[in-house]
Amino acid sequence: MPKFIEKQYKSIINKNKYIDHWFWTRYAINPYNGCQFGCIYCDARSEHYHMPQDFENEILVKQNVGQMLDQRITRARTFLPDVVGIGGVTDSYQPAEKKYENTRSILSVLAKHQYPVHLITKSTLILRDLPLLEEIAQQTWCTVSVTITTTDAEKSRFLEKFAPSPAKRLEVLRQIKTKAPHVQTGALLMPLIPVLCDDEAQVEQLFTAVKATGADYLMFGGAMTLRNRQADWFLQHLREAEPAVYQQYVDLYQFTPDGEAYNGRYLPGGDYMRQQHERLFALSNKHQLPHRIRRFIPNDYRKTNYRIAERMLNVSFERQMFGQSWETLFWAAQNIQNLKEPIEAVAARGELEQIKNVKGPIKKRIEAILEEMPTTAD
């Protein structure tokens, strides 16, 4: 049985120096630490996130989250309404939410201050708050991403033992599209779990199932990562349940088995990543299911900055997935969306090159977008 520990924290919301280019989040909130779903591959088990040692049985419940968030936003001098990511580390709709309602409280405050929201979950409990999510979507922008690693119920029970079944998660997508039509909704194939969940027919079945729900996107990117405590936990379960698959991981992640701690690669070696990404992009095109999330565009001086950055970051994402040069374009886009004035004003002064990483072809790309922007806006 999970143990719930109520704890008062000093802060509830974190502001990122750079906007997350996958989920478009500027701010991050985790209503709980630890997660009852107990997915054996979850990266939040790693030391990086400072989660409870008994990750799925010791749940830290943050106290007074609504009051703290309201005060923080009200008093903040540097905050502008931008996307708040909820549940990026642990699931904000895990069973603890039924009792404590931290996520609902947070959403109510964000609706009050008209902040856009991106929720990531595996839970059916999110359906409880559809009216609130629809309100936020109509005010500004709201996106719900449902993580689905496989449509195979048996594999899901092994990998995500306490999470709702894949069928129930697909039904969540259908329900949101029906009952909260302004909420952007899609699936996350994250992580792609090597060997167990990367069979070509199985992956296409997932695309087909997600498409049938009316989802707006199916986002993917990268295979499962392995590091320290998370790697040890996953590999322990894999060795016990799937010894033949475990041996394939020894080669794929290049580690020495039976050591005291994980000593292998963070990502699969060889051409594995490139081959998988080529297949996933092909499936995205085949099923006409976008692989990127349409971002929030603020209606202030940041409007064009964000539009330009979105285009550039979408290209950067694809280049990264195919092992091409992407860093300069990526950082140019990040610096543009961090500008404190509209990029039109910078261009009018002839100072685009003063933005870090903006030069040569990237400068020409921006100038071309600026020229067409008046005829394509909105």
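To be clear, the structure that these remarks concern was listed above.
The structure presented is a predicted model; accordingly, all values stated were derived computationally and were not measured. (Residues numbered from 1 in each chain as written. Predicted model: local features only at pLDDT ≥ 70, side-chain atom pairs only at ≥ 80, totals over all residues. Heavy atoms only, no water.)

As for its position among the elements, Glu160 is in the loop between helix H5 (153-159) and helix H6 (166-179). Polar contacts involving the side chain of Glu160 include one to the side chain of Thr149, which spans 2.7 Å. Leave out the neighbours within four places in its chain, and Glu160 touches Phe37, Cys39, Tyr41, Lys122, Thr149 and Arg169. (Helix = DSSP H or I, 4+ residues; strand = E, 2+ residues; numbered from the N terminus. Polar contact = N/O pair within 3.5 Å; in protein donor to acceptor, adjacent residues only side chain to side chain. Contact = heavy atoms within 4.5 Å.)

A word on the side chain of His287. Here His287 lies in the loop between helix H10 (272-286) and helix H11 (303-321). Using a relative accessible area of 14% as the deciding quantity, one classes His287 as buried. Once residues within four sequence positions are removed from consideration, His287 is found in contact with Glu204, Phe207, Thr208 and Lys211. (Buried < 20%, exposed > 50% of the residue type's maximum accessible area, 1.4 Å probe, protein only.)

This brings us to the pattern of salt bridges. Pairs can form between side chains of opposite charge once their charged atoms are near each other. Counted by the stated rule, this structure contains 21 salt bridges. Between Asp258 and Arg239 there is a salt bridge, with the nearest N and O atoms lying 3.6 Å from each other. Of this pair, Asp258 sits in the loop between helix H9 (243-252) and H10 while Arg239 sits in helix H8 (residues 228-241), and the two are 19 residues apart along the sequence. A residue is classified by how much of its surface remains accessible, and Asp258, at 63% relative accessible area, is exposed. For Arg239, a relative accessible area of 35% corresponds to the partly exposed category. The shortest N-O distance in the salt bridge between Glu367 and Lys363 comes to 3.9 Å. Note that Glu367 and Lys363 are positioned in helix H14 (residues 360-376) at a spacing of four residues, about one turn of the helix. Classification of Glu367 as partly exposed rests on a relative accessible area of 31%. Classification of Lys363 as partly exposed rests on a relative accessible area of 24%. (Salt bridge = Lys/Arg side-chain N within 4 Å of Asp/Glu carboxyl O.)

A few words now on the nonpolar core. Counting 122 residues, the largest nonpolar core has Val210, Phe234, Tyr249 and Ile366 as the members making the most contacts within it. Broken down by element, this core gets its largest block of residues, seven residues, from H11. Excluding residues that lie within four positions of it along the chain, Phe234 makes contacts with Ile40, Tyr41, Leu159, Ile193, Met224, Leu226 and Tyr249. Ranked by size, the runner-up nonpolar core spans five residues in total, among them Tyr32, Val61, Ala96 and Tyr100. (Core = buried A, V, L, I, M, F, W, Y, C linked by side-chain atoms within 4.5 Å.)

So, about the packing of aromatic side chains. Under the counting rule described, the total for this entry stands at 15 aromatic pairs. Plain terms: the ring middles of Tyr27 and Tyr115 are 5.8 Å apart, the flat faces sit at 45 degrees to each other, and that makes the pair tilted. Taken together, the positions of Tyr27 in strand E3 (residues 27-29) and Tyr115 in the loop between helix H3 (102-113) and strand E7 (117-121) put the pair 88 residues apart, joining distant regions of the chain. Neither Tyr27 nor Tyr115 differs from the other in exposure class; each is buried. Aromatic pair Phe255 and Tyr262: ring centres 5.4 Å apart, planes at 55 degrees, arrangement tilted. For the pair Phe255 and Tyr262, one class covers both residues: buried. (Phe/Tyr/Trp six-rings, centres within 6.5 Å; stacked < 30°, edge-to-face > 60°.)

Strand pairing in a sheet is mediated by backbone hydrogen bonds. Such pairs are either parallel or antiparallel. Spatial strand order, E2-E3-E6-E7-E8-E9-E10: seven strands in an open sheet with mixed pairing. The open sheet has two free edges, formed respectively by strand E2 (14-15) and strand E10 (217-220), since each of these has just one partner strand. Of the strand pairs in this sheet, strand E9 (residues 184-189) and E10 are connected by four bridges, and their pairing is parallel. The residue bridging Leu188 from the neighbouring strand is Met219, located in E10. (Pairing = 2+ DSSP bridges.)

Looking now at the pairing of E9. Counting buried positions over the six residues of E9 gives six, a clear majority of the element. Burial along E9 is two-sided: Gln184, Gly186 and Leu188 and Thr185, Ala187 and Leu189, pointing in opposite directions, are all buried. Note that the unit made of E9, helix H7 (residues 200-212) and E10 has a crossover that is right-handed. (Right-handed = clockwise from strand over helix to strand, strands pointing away.)

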